[in-house]
Amino acid sequence: MKVVLADYGAGNLRSVCSAFRRAGATPVVSADPREALDAPLTVIAGVGNSASAARGLEERGLADALRERAAAGKPLLGICVGLQLFFEESEEGGSGLGLLRGRVERLRARRVPHMGWNRLDAKGPSALLAGLDGEDVYFAHSYACVPGEAVAVAEVEHEGPVVAAVERGPLAGVQFHPERSAAAGARLLENVLAWSRSV
């Protein structure tokens, strides 16, 4: 399966590509809005500042293509900052794509950023997280989404609950890094490919 990683000018796209390749996909990094719209699966993956990522998507015409893709019911995956961009606004600055209601807030914890391994707690049925409830995955973030609708399918504990994954229709996202999460991350990406075929 061809997987397009939306190129907004920054992010850890090489390692995510490698992880998708190991999962059996054919990943392509592209800033072409048409390619991002038409691919069997498109991914927003990234680290760093959500405001600059949102600006990069807008400047390249990718933001409108991703909104059109979601409206058409085509599968879209967000990883880390990519998940945060699904929402309306962020305390880090800037506006997201507005695909889901809610906002992104700085973690209310003594230890920020939240870095390292943490155990997933599934909150309901999820094609994305099949076989992953209770597994440890790798996080590196200072902000997290606070959904305004019932889309969270997993949380982790970091001095309080933190949303670790969301899923609704053609939209799915994880706050953790599957490309750095060993066997659990590999299983997640295999699940993502299966999910994207069934949406």
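**Some thoughts on the overall build of the protein**
Then, number 1: Check the secondary structure of the protein and you find six helices and 13 strands.
Then, number 2: For a compact globule of 199 residues, the expected C-alpha radius of gyration is about 16 Å, and the protein comes in at 15 Å, within 12% of that figure.
Then, number 3: Principal axes of the C-alpha set define a box for the protein whose edges measure 40 × 35 × 30 Å.
Then, number 4: Residue burial in the protein is summarised as follows: out of 199 residues, 54% are buried.
Then, number 5: For the protein, the proportion of contacts with a sequence separation of at least 24, taken over those separated by at least 6, is 69%.
Then, number 6: Total accessible area computed for the protein in this model is approximately 8200 Å², and 47% of it derives from carbon and sulfur atoms.

**Quick look at the pattern of salt bridges**
Then, number 1: Within this structure, the stated rule accounts for 15 salt bridges.
Then, number 2: In this structure, the salt-bridge partner of Glu91 is Arg103, at a minimum N-O distance of 3.4 Å. With a gap of 12 residues between them, Glu91 in the loop between strand E5 (89–90) and strand E6 (102–106) and Arg103 in strand E6 connect regions that are remote in the sequence.
Then, number 3: Here the salt bridges share partners, and the residues they tie into one network are Glu89, Glu91, Arg103, Glu105 and Arg108.

**Digging into helix H3 (residues 50–59)**
Then, number 1: Ser50, Ala51, Ala53, Ala54, Gly56 and Leu57 are the residues of H3 that are buried.
Then, number 2: Where H3 begins, one side-chain oxygen reaches toward the backbone nitrogen of Ala51, 2.8 Å away; that side chain belongs to Asn49.
Then, number 3: Among the residues trailing H3, Gly61 stands out with phi positive, at a value near 75°.

**Quick word on the layout of surface pockets**
Then, number 1: Looking at the largest pocket, its volume works out to about 180 Å³.
Then, number 2: Lining the largest pocket are 14 residues, with Arg106, Leu107, Arg108, Pro161 and Val162 positioned closest to its centre.
Then, number 3: Residues belonging to the lining of the largest pocket are distributed by class as follows: eight nonpolar, two polar and four charged.

Parameters and conventions
- Residue numbers run consecutively from 1 along every chain, following the written order of its sequence.
- Where local features are concerned, this predicted model is filtered to residues with pLDDT of at least 70; where side-chain atom pairs are given and counted, the filter is 80 or more; whole-chain, interface and lining totals use all residues.
- Hydrogens and waters are ignored; side-chain quantities use all the structure's heavy atoms.
- Labels follow the DSSP assignment, with helices taken as runs of H or I lasting at least four residues and strands as runs of E lasting at least two, numbered in each case from the N terminus.
- It is over C-alpha atoms that the radius of gyration is taken, and the globule rule equals 2.2 Å times the number of residues to the power 0.38.
- For every residue, the accessible area (1.4 Å probe, protein chains only) is compared with the maximum for its type, and the residue is labelled buried under 20%, exposed over 50%, or partly exposed between those bounds.
- By definition, residues are in contact when any of their heavy atoms lie within 4.5 Å.
- In these tables, accessible area is a Shrake-Rupley quantity obtained with a 1.4 Å probe, and a residue counts as shielded only by the protein chains included in the view.
- The salt bridge criterion pairs a side-chain nitrogen of Lys or Arg with a carboxyl oxygen of Asp or Glu, the two atoms within 4 Å.
- Identification of polar contacts relies on pairs of N or O atoms within 3.5 Å, with a donor-acceptor requirement for protein atoms, meaning one able to donate a hydrogen and the other able to accept it, and with residues adjacent in sequence counted only if both atoms are side-chain atoms.
- In the cavity and pocket records, a cavity denotes points on a 1 Å grid over the protein atoms alone where a 1.4 Å probe fits but cannot get out, a pocket denotes an open set with protein on both sides within 12 Å along at least 5 of 7 lines, and lining residues are residues with an atom within 4 Å of a point.
- Grid points are joined across faces, edges and corners, and a volume is the space filled by probe spheres set on the points.
- Only Asp, Glu, Lys and Arg are considered charged in this grouping, and only Ala, Val, Leu, Ile, Met, Phe, Trp, Tyr, Cys and Pro are considered nonpolar; every other residue, Gly among them, is considered polar.

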